Structures are given as C-alpha cells and as structure tokens.
Amino acid sequence: MSVAELLVALVGTGTVTTLVGTLVGHLAGRRRAAADIALVYAERDKIGAETAQLVADAAGTVVAELRAEIVRLAVELSAARVEIATLRAELSAHTYRKDTP
C-alpha cells in the first residue's frame, strides 16, 4: 500500500480528523492555560503592589504617631526640668536659711 492510499484510507475512517481535532484542542488548551497563568501572575503583582502601599501607609502613620509622641515627651521633659530647677532653688534657699544664724 502506498502512502497516498494509506492517507486516503485514514481520511476515510476519520482518524486524521480525530488526530487533528485532538492536536488543535491540545494547543488551544495550552494557550488557555498560558493565559490563565499570565492572569495569575498579573493578580500576584497587583496584590504585591497593594500590599507594599498598605505597608508604606502604615509606616507613615506610625512615624507620624512617634513624632507626635516625641514632641509630647520633649514638652514634658522641659516642664520637668523647669520644676526640678524650681525645687533646687527652693531647696537651696531653705538650706541657706537653716545655715544662717
């Protein structure tokens, strides 16, 4: 049997059509899978960018809160220093009076 006769026989039985259909279906499935994978990677990148933005926003908030706390503590420290100086002056005056006849 020649190649031509074999091809005619295969076409007549639908085997070639089945093989071509299977091949086309396989290629389409691979393209679909590749497209799905690309979508997954795009979603991953989007989530990563959103996460980075949320972390940056949270860090900015924490920094602002820490700065405000440092300012508050600096004011309290300044007030405490003034109070300590006042108490030292009072103590010094009190001690001076005791030592004076």
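Residues numbered from 1 in each chain as written. Predicted model: local features only at pLDDT ≥ 70, side-chain atom pairs only at ≥ 80, totals over all residues. Heavy atoms only, no water.

### Quick notes on the overall build of the protein
Link 1 in the chain: Within the protein one finds two helices and zero strands.
Link 2 in the chain: When the accessible surface of the protein is summed, it comes to about 8,800 Å², and 69% of that surface belongs to carbon and sulfur atoms. (Helix = DSSP H or I, 4+ residues; strand = E, 2+ residues; numbered from the N terminus. Areas by Shrake-Rupley, 256 points an atom, 1.4 Å probe, with all protein chains shown as cover.)

### Focus: the pattern of salt bridges
Link 1 in the chain: The tally for this structure, following the rule as stated, stands at three salt bridges.
Link 2 in the chain: In this structure, Glu69 engages Arg72 in a salt bridge whose closest nitrogen and oxygen atoms are separated by 2.4 Å. Of the two residues, Glu69 and Arg72 are both situated in helix 2 (residues 15-99); the distance of three residues between them amounts to about one turn of the helix.
Link 3 in the chain: Residue class for Glu69 comes out partly exposed when judged on its relative accessible area of 32%.
Link 4 in the chain: Arg72 sits in the partly exposed class, given a relative accessible area of 37%. (Salt bridge = Lys/Arg side-chain N within 4 Å of Asp/Glu carboxyl O. Buried < 20%, exposed > 50% of the residue type's maximum accessible area, 1.4 Å probe, protein only.)

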